Amino acid sequence: MLGGALRRRVRWLPFGLSDAPLSRLLVGVAVVIVLAMIPMLDRNSSHISAFADTGYVMILAFGLNIIVGYTGLLALGFAAFFAIGSYTYAFLASPQYGVHLSFWPMLLVSAAVAAIFGLLLGAPTLRLRGDYLAIVTLGFGEIVPQVFQNLDKYTGGPDGIAGIDQPRLFGYAFGFNPTPYYYLYFVIIVICLVLLNNLRNSRVGRTWMAIREDELAAEHMGINTTSAKLLAFSLGSAFAGVAGVIYAAKLSTVSPSGFDFNTSVMILAAIVLGGMGNLIGVLFGSAIIGLLNFFVLPQSSNWAHSLGTALHMDFLQGVDLNAYRFMIYGIILVLVMLFRPEGLVPSAARRAELHAEQEAGAGIALQEQAEFGADIP
Amino acid sequence: MTDPVLSLHGVETFYGRIQALYKVSLEVREGEIVALIGGNGAGKTTTLRTISGLVKPAAGSVIFCGHSLTGVSPDAIVRLGVVHAPEGRRIFPRMTVLENLQLGAFARGDAAAIADDLQDVLALFPRLKERLAQKGGTLSGGEQQMLAIGRALMAKPKVLLLDEPSMGLSPIFVDTIFEVIADINKRGVPILLIEQNARKALQVASRCYVLETGSIVKEGPAAALLNDDAVRKAYLGED
């Protein structure tokens, strides 16, 4: 009885959730409740801050997943759009120019500005394919932080911009307390998930996937591939813009060093690890990379230090696992590529793609056999 | 005589500095199957790509039902009803047969008519009906070609451009595909057909153009070209 009820699909839910079986929805609701309670269970604010920062990794990964995962455009240097979002907010909500626009509308303004830069980069470069596009976007990712660093008259140079306004909601000031940022990221991630789940199954989502599968064939279907790719690029960048605003507000400061190549690599690692093109995979991948980066490595360094003090082992006190961050990403990526190239939670399409040779080979062989077999008396 | 559905007038197309087509003129009339034959590199595929807007002609014009297609974007040309099934099938290998067919109707907005056309296509290709949920890439070559043609039909073509539909197929499937082509034509869709298998193409076509190094060197009723000595020698492999 219960099993049947759990498998029944829920029809009345909005936002494209209605096709999920009840059991999966219940798991989702349980996860949401547990995650929402974390700041009440764990009162250590440095932990909450690490969990909150994981939020921006997730939003960035969602954005990059539209470009790389759905549409199949290998874009590096994604941190550039994150930087553009952050600096847009910093310019318009800090003592730098004495402009103090409200945080909430700025989420949309920065998203729009990042999207426009996505278009500006996309328009001339999207006729490039594969590795060429990767190199151009890599260059863009290097140029943007350099520009913010060198235009010190306007951007504060290497020191960046400090004293950025922090959000207020109904008179409640967020300040430097990480808990409200945690909930803000939480709400925005849920909105992103609903949005992306619908987008994936929409007409636009299908055009992206058709382009990823075979761009020429997509063109033959009457898909305007240029505008579909531009849309992917600008929409993906808009996510980075939103992430940038919250990031800048939480730190209350931005500087070029926060948007270097390492950040771009981190985001790419997150979607490769989780499984490109699969929303749940990207969610897991970015959570793992974010938590590793902001929580596990710093915390385990601290544990090593305490252990060193307790055991009088001096070498443990000097351990800084943060320094090995990229070695650890590297090892993770190599292991994933070797043992699970489709990512931890692969999209069905990716899995098929990576194992296509065996499957297609077998299918065709069987079929040929059947066709010719009929001829043999 | 009524105006042709599709006509090319003095079309010249370049790839960079290399000229691929020299003053190509041809027409496809209501109810016709027109074959375009020629050797490798003669410009057959380029002719189709020029019609469907994937390459822009440097000179000449392409007229479809009174509209000039020169300068029109490829997606708008598909919406007008000029549908091109590309060489090498190019189905979406990681999508299911059904998804492939649905993408074929991408340029259309009439959901009810699309559902009807899906039934028609599946009636034409019962093999596809059995494999709706299967990934395109796991189909055999012949089935993939059926899917490619079915997908093109989903766009509700007013004229269908077929590029090498029999390429790489087993002899039985070649016959099946040509029967299907004749069948589609009987339902009222004019077809411009490129084929390496010139004999088959000439048997099914009403008229034929012969393309050599970018120029049309011969044209006429298909039956006449089947008996033309030069054509027999060059394309039908006879002495």
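Predicted model only: the values in this text are computed from it and were never measured. (Residues numbered from 1 in each chain as written. Chains lettered and ligands numbered in written order. Predicted model: local features only at pLDDT ≥ 70, side-chain atom pairs only at ≥ 80, totals over all residues. Heavy atoms only, no water.)

### Concerning the interface of chain A and chain B
- Contact with chain A, which involves 28 residues of that partner, is made by 33 residues of chain B.
- Note on chain A versus chain B: buried area summed over both sides is about 2,700 Å², and carbon and sulfur give 61% of it.
- Counting across the chain A and chain B interface gives two salt bridges.
- Between B:R90 and A:D214 there is a salt bridge whose closest N-O contact spans 3.0 Å.
- Linking chain A to chain B there are five residue pairs in polar contact (both at pLDDT 80 or more).
- When contributions to the side of chain A that touches chain B are tallied by element, the ones reaching two or more residues are α9 (203–213), α10 (215–220), α16 (348–354) and α17 (356–373) of chain A.
- When grouped by side-chain class, the residues that make up the side of chain A that touches chain B number twelve nonpolar, six polar and ten charged. (Contact = heavy atoms within 4.5 Å. Buried area = accessible area lost by both parts, 1.4 Å probe. Salt bridge = Lys/Arg side-chain N within 4 Å of Asp/Glu carboxyl O. Polar contact = N/O pair within 3.5 Å; in protein donor to acceptor, adjacent residues only side chain to side chain. Helix = DSSP H or I, 4+ residues; strand = E, 2+ residues; numbered from the N terminus. Nonpolar A, V, L, I, M, F, W, Y, C, P; charged D, E, K, R; others polar.)

### Looking at the sheet that holds strand β7 (residues 159–163) of chain B
Residues and elements named next belong to chain B.
- With mixed pairing, six strands are arranged side by side in an open sheet as β6-β7-β8-β3-β9-β10. Every other strand in the sheet has two partners, leaving β6 (82–85) and β10 (215–221) as the edge strands with one partner each. Within this sheet the neighbouring strands show an average axis-to-axis angle of 15°, counted without direction.
- Bridge analysis of strand β9 (residues 207–212) against β10 gives six bridges, and the strand direction is antiparallel. (Pairing = 2+ DSSP bridges. Axes fitted to C-alpha atoms, helices over the stretch in contact; angles between N-to-C directions.)

### Some points on α9(A)
Residues and elements named next belong to chain A.
- When you tally the buried positions in α9, you get eight out of eleven residues, the bulk of the element.
- For α9, every residue scored as buried is listed here: G205, T207, W208, M209, A210, I211, R212 and E213.
- With a side-chain oxygen lying 3.3 Å from the backbone nitrogen of V204, the N-terminal cap of α9 falls on S202. (Buried < 20%, exposed > 50% of the residue type's maximum accessible area, 1.4 Å probe, protein only.)

### Thoughts on helix α6 (residues 130–150) of chain A
Residues and elements named next belong to chain A.
- Between the first and last C-alpha of α6 there are 31 Å, a value that for 21 residues agrees with the 30 Å anticipated at 1.5 Å per step.
- Those residues of α6 lying buried are L133, A134, T137, F140, G141, V144, P145 and F148. Taken around the axis of α6, the buried residues stretch over an arc of 120°, which confines them to a single face. Turned more than 90 degrees off the buried face of α6, the exposed positions are D131, Y132, I135 and N150.
- Those residues of α6 that are buried lie in contact with α4 (79–92), α5 (103–125), α7 (152–155) and α11 (225–251). (Expected span 1.5 Å × (residues − 1). Arc of directions from axis to C-beta.)

### A look at the sheet that holds strand β1 (residues 6–15) of chain B
Residues and elements named next belong to chain B.
- Across the sheet, four strands lie side by side as β2-β1-β4-β5; this open sheet has antiparallel pairing. Both edges of this open sheet fall to β2 (18–28) and β5 (67–68), since each of them pairs with a single strand only.
- Looking at chain direction, β1 and strand β4 (residues 59–64) are connected through five bridges and run antiparallel. Counted as the bridge partner of E12 is A59 from β4.

### Examining the pattern of salt bridges
- For the coordinates displayed, the defined rule picks out 16 salt bridges over all chains.
- When the shortest N-O distance is used, the salt bridge between A:E213 and B:R94 registers 2.9 Å. Of the two residues, A:E213 is situated in helix α9 and B:R94 in the loop between β6 and α3 (97–104); the pairing between them involves two chains.
- Exposure remark for B:R94: the relative accessible area of 18% places this residue in the buried category.

### A word on the confidence of the model for chain B
- Residue-level pLDDT values for chain B average 91, and 99% of them are 70 or greater.
- Interface confidence for the predicted complex, expressed as ipTM, amounts to 0.89; the pTM equals 0.85. (pLDDT = per-residue confidence, 0-100.)

### Topic: the pairing of strand β8 (residues 191–194) of chain B
Residues and elements named next belong to chain B.
- Side chains I191 and L193 of β8 all project onto a buried face; the interleaved residues L192 and I194 project onto the opposite face, where all are buried too.
- Pairing analysis gives four bridges linking strand β3 (residues 33–37) to β8, with the strands arranged parallel. Looking at β8, one finds that I33 is bridged to I191.
- Strand direction decides the pairing type here: β7 and β8, joined by four bridges, are parallel. Its bridge partner being in β8, L162 is matched across the sheet by L193.
- The parallel pair β7 and β8 is bridged by helix α7 (residues 171–186), and the resulting crossover is right-handed. (Right-handed = clockwise from strand over helix to strand, strands pointing away.)

### Regarding the environment of B:R131
Residue and element names in this part refer to chain B.
- With respect to the helices and strands, R131 occurs in the loop between α5 (126–130) and α6 (141–153).
- R131 sits twelve residues away from E143 along the chain, and the two C-alpha atoms are 9.5 Å apart.
- Only 2.8 Å separates the side chain of R131 from the side chain of E143, close enough to count as a polar contact.

### Thoughts on the nonpolar core
- The biggest cluster of nonpolar side chains holds 101 residues, and the ones touching the most others in it are A:Y56, A:F62, A:Y89 and A:I246.
- Ranked by the residues each element gives to this core, the list is headed by helix α3 (residues 45–70) of chain A, at 16 residues.
- Not counting residues within four places of it along the chain, the set of residues in contact with A:F62 comprises A:I189, A:C192, A:L193, A:L196, A:F239, A:L279, A:V282 and A:L283.
- By size, the runner-up hydrophobic cluster in this structure holds 51 residues, among which are B:F125, B:L139, B:V204 and B:V231. (Core = buried A, V, L, I, M, F, W, Y, C linked by side-chain atoms within 4.5 Å.)

### Remarks on a nonpolar patch on the surface
Residues and elements named next belong to chain A.
- Taken together, the side chains of Y324, M327, I331, V334, L335, L338 and F339 present a nonpolar region at the surface, about 760 Å² in accessible area.
- Within the fold, F339 resides in helix α15 (residues 325–339).
- The class for F339 is exposed, based on a relative accessible area of 67%. (Patch = residues over 30% accessible without salt bridge, like charges linked within 9 Å, V, L, I, M, F, W, Y side chains within 5 Å. Areas by Shrake-Rupley, 256 points an atom, 1.4 Å probe, with all protein chains shown as cover.)

### Some points on the packing of helix α13 (residues 279–311) of chain A against α15(A)
Residue and element names in this part refer to chain A.
- At a minimum axis distance of 11 Å, the contact between α13 and α15 shows a crossing angle of 145°. Relative to α15, the crossing made by α13 is right-handed. Where α13 approaches α15, its residues I289, L292, N293 and L297 are matched on the opposing element by R325, I328, Y329 and I332.
- Per-class residue counts for the contact of α13 with α15 are six nonpolar, one polar and one charged. (Left-handed = near helix turned anticlockwise from the far one by under 90°.)

### Notes on the packing of aromatic side chains
- With the rule as written, the count across this model stands at 23 aromatic pairs over all chains.
- Both rings, one in A:F82 and one in A:Y247, keep their centres 4.9 Å apart while their planes meet at 55°; by these two values the pair is tilted. Within this pair, whereas A:F82 is found in helix α4, its partner A:Y247 is found in helix α11, the two being separated by 165 residues in sequence. Here A:F82 and A:Y247 have matching classes, each one buried.
- Ring geometry for A:F326 against A:Y329: centres 5.0 Å apart, planes inclined by 80°, an arrangement best described as edge-to-face. Taken as a pair, A:F326 and A:Y329 lie in helix α15 at a separation of three residues, close to a single helical turn.
- By way of ring pairs, the aromatic residues A:Y56, A:F82, A:Y87, A:F91, A:Y97, A:F148, A:Y247, A:F259 and A:F294 are connected into one cluster.
- In this structure, A:R203 is placed above the aromatic ring of B:F106, and the distance from its NZ or CZ to the ring centre is 4.0 Å. (Phe/Tyr/Trp six-rings, centres within 6.5 Å; stacked < 30°, edge-to-face > 60°. Lys NZ or Arg CZ within 6 Å of the ring centre and 35° of its normal.)

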